[in-house]
Amino acid sequence: MFAVDHIILLSAVLAILGVLASKLSPRFGVPVLVLFLGVGMLAGEDGIGRILFDNVDVAHSIGTFALILILFDGGLQTSKRSIKRAWKPAALLATLGVVGTATITGIAAMYILNLPLYMGLLLGAIVGSTDAAAVFSVLRNAGITIPAKIKATLELESASNDPMAIFLTVGLITLIKDSSTQPIELASLFVSQMGVGALVGAGIGGGGMDF
């Protein structure tokens, strides 16, 4: 086979496995994202798929593009009424909540896995944010009905906690690579990324609501 034939075949197999995972998720009560991760691990070079891939730049580009689509889709599916109802608790959970979760998880990882402080906190930052689809999937499979305000809070928080998790991840990677990094530099990064991003997003989103 030509190289392109291999790529098409592997893509088709992975797509079929992804569909099967989405169908099996409700039966096992496991979020479909966990099954997707399992498929990816099995397809990797240490799994049965033996797919060799170590291009960091391509992985970063694909991940960034996927994150943009996820956040964009989450924003479109979140109603203006839900935002007005739950933006205060959701904003608190999406910022301080993520920091608290990352800190607790990071300290636990540091002691359990015997990692340096920054490495443990980095692991906590990576897993510190939640995903609305995974949360609602678990609740739905368990047959749990939650009040509308709590549902709106979870939905809005899950759609807006990624920026804080990304900032913590980038900041900790910066500290690990260069321990001489000053707090003022991270504060400047926070203002430029979160502040400017929030203003641009609010401006574009507010303008879009007028049409």
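Procedures and definitions
- Residues numbered from 1 in each chain as written.
- Predicted model: local features only at pLDDT ≥ 70, side-chain atom pairs only at ≥ 80, totals over all residues.
- Heavy atoms only, no water.
- Helix = DSSP H or I, 4+ residues; strand = E, 2+ residues; numbered from the N terminus.
- Buried < 20%, exposed > 50% of the residue type's maximum accessible area, 1.4 Å probe, protein only.
- Contact = heavy atoms within 4.5 Å.
- Areas by Shrake-Rupley, 256 points an atom, 1.4 Å probe, with all protein chains shown as cover.
- Patch = residues over 30% accessible without salt bridge, like charges linked within 9 Å, V, L, I, M, F, W, Y side chains within 5 Å.
- Salt bridge = Lys/Arg side-chain N within 4 Å of Asp/Glu carboxyl O.
- Core = buried A, V, L, I, M, F, W, Y, C linked by side-chain atoms within 4.5 Å.
- Bend = angle between axes of the 7 residues up to and from the residue.
- Axes fitted to C-alpha atoms, helices over the stretch in contact; angles between N-to-C directions.
- Parallel < 35°, antiparallel > 145°, perpendicular 65-115°, else oblique.
- Left-handed = near helix turned anticlockwise from the far one by under 90°.
- Nonpolar A, V, L, I, M, F, W, Y, C, P; charged D, E, K, R; others polar.
- pLDDT = per-residue confidence, 0-100.

1. Observations regarding the overall build of the chain
Helix and strand counts for the chain stand at nine helices and zero strands. Taken from N to C terminus, the helices and strands of the chain fall in the order α-α-α-α-α-α-α-α-α. The burial tally for the chain puts 22% of its 211 residues in the buried class. Taking the intrachain contacts of the chain between residues at least 6 apart in sequence as the baseline, contacts between residues at least 24 apart amount to 58%. By element, 72% of the accessible surface of the chain is carried by carbon and sulfur atoms, the whole surface being about 14600 Å².

2. Observations concerning a nonpolar patch on the surface
Together, Leu-9, Val-13, Leu-14, Ile-16, Leu-17, Leu-20 and Leu-24 give the surface a local cluster of nonpolar side chains, amounting to about 570 Å² of exposed area. With respect to the secondary-structure elements, Leu-9 resides in helix α1 (residues 3-28).

3. A word on unusual backbone geometry
Even without a glycine there, the phi angle at Asn-114 is positive, about 55°. Structurally, Asn-114 is set in the loop between α4 (80-112) and α5 (117-126). Residue classification places Asn-114 among the exposed residues on the basis of a relative accessible area of 67%.

4. Overview of the nonpolar core
Judged by nonpolar contacts, Val-98, Ala-102, Leu-121, Leu-122, Ala-125, Met-164, Ala-165, Phe-167, Leu-168, Leu-172, Leu-175 and Leu-186 together constitute the single largest core of twelve residues. Among all residues touching Phe-167, those that are not within four sequence positions of it are Leu-186, Leu-189 and Phe-190.

5. A few points about α4
The largest bend in α4 comes to about 70°, at Ala-86, with the proline Pro-89 one to four residues further on. Looking at the buried positions of α4, the neighbouring elements they touch are α5, α7 (148-160) and α8 (162-177). A positive backbone phi angle near 55° is found at Asn-114, which sits one or two residues after α4.

6. Observations regarding the packing of α4 against α7
Running from N to C, α4 and α7 point in directions that differ by 50°, and their axes come no closer than 7 Å. With respect to their mutual orientation, α4 and α7 come out oblique. Of the two elements, α4 crosses α7, and the hand of that crossing is right-handed. Contact with α4, carried on its side by Ser-82, Ile-83, Arg-85, Ala-86, Trp-87, Pro-89, Ala-90, Leu-93, Ala-94 and Val-98, involves Ala-148, Lys-149, Ala-152, Thr-153, Glu-155, Leu-156, Glu-157 and Ser-160 of α7 and no other residues of that element.

7. Brief notes about the environment of Arg-81
Note on placement: Arg-81 falls in helix α4. For Arg-81, a relative accessible area of 64% puts it in the exposed group. Sequence separation between Arg-81 and Ala-152 is 71 residues, and the spatial gap between their C-alpha atoms is 9.1 Å.

8. A look at the packing of α4 against α5
It is at 7 Å that the axes of α4 and α5 come closest, and there the two elements cross at 130°. As the angle between them shows, α4 and α5 are arranged oblique. Seen along the crossing, α4 lies across α5 with a hand that is right-handed. Every residue of α5 that contacts α4 at Ala-102, Thr-103, Thr-105, Gly-106, Ile-107, Ala-109 and Met-110 is listed here: Leu-117, Gly-120, Leu-121, Leu-123, Gly-124 and Ala-125. Among the residues making up the contact of α4 with α5, the classes are represented as eight nonpolar, five polar and no charged.

9. A word on the side chain of Thr-169
Tracing the backbone through its elements, the reader meets Thr-169 in helix α8. For Thr-169, the residues in contact, after removing those within four places along its chain, are Leu-122, Ala-125 and Ile-126.

10. Examining the confidence of the model for the chain
For the chain, the mean per-residue pLDDT works out to 77, and 79% of the residues sit at or above 70. α5 holds the highest mean pLDDT among the elements of the chain, 89, whereas helix α6 (residues 132-141) holds the lowest, 64.

11. Focus: the side chain of Asn-161
With respect to the secondary-structure elements, Asn-161 resides in the loop between α7 and α8. Ignoring any residue separated from it by four or fewer positions in sequence, one finds Asn-161 in contact with Ala-94, Val-98, Ser-129 and Thr-130.

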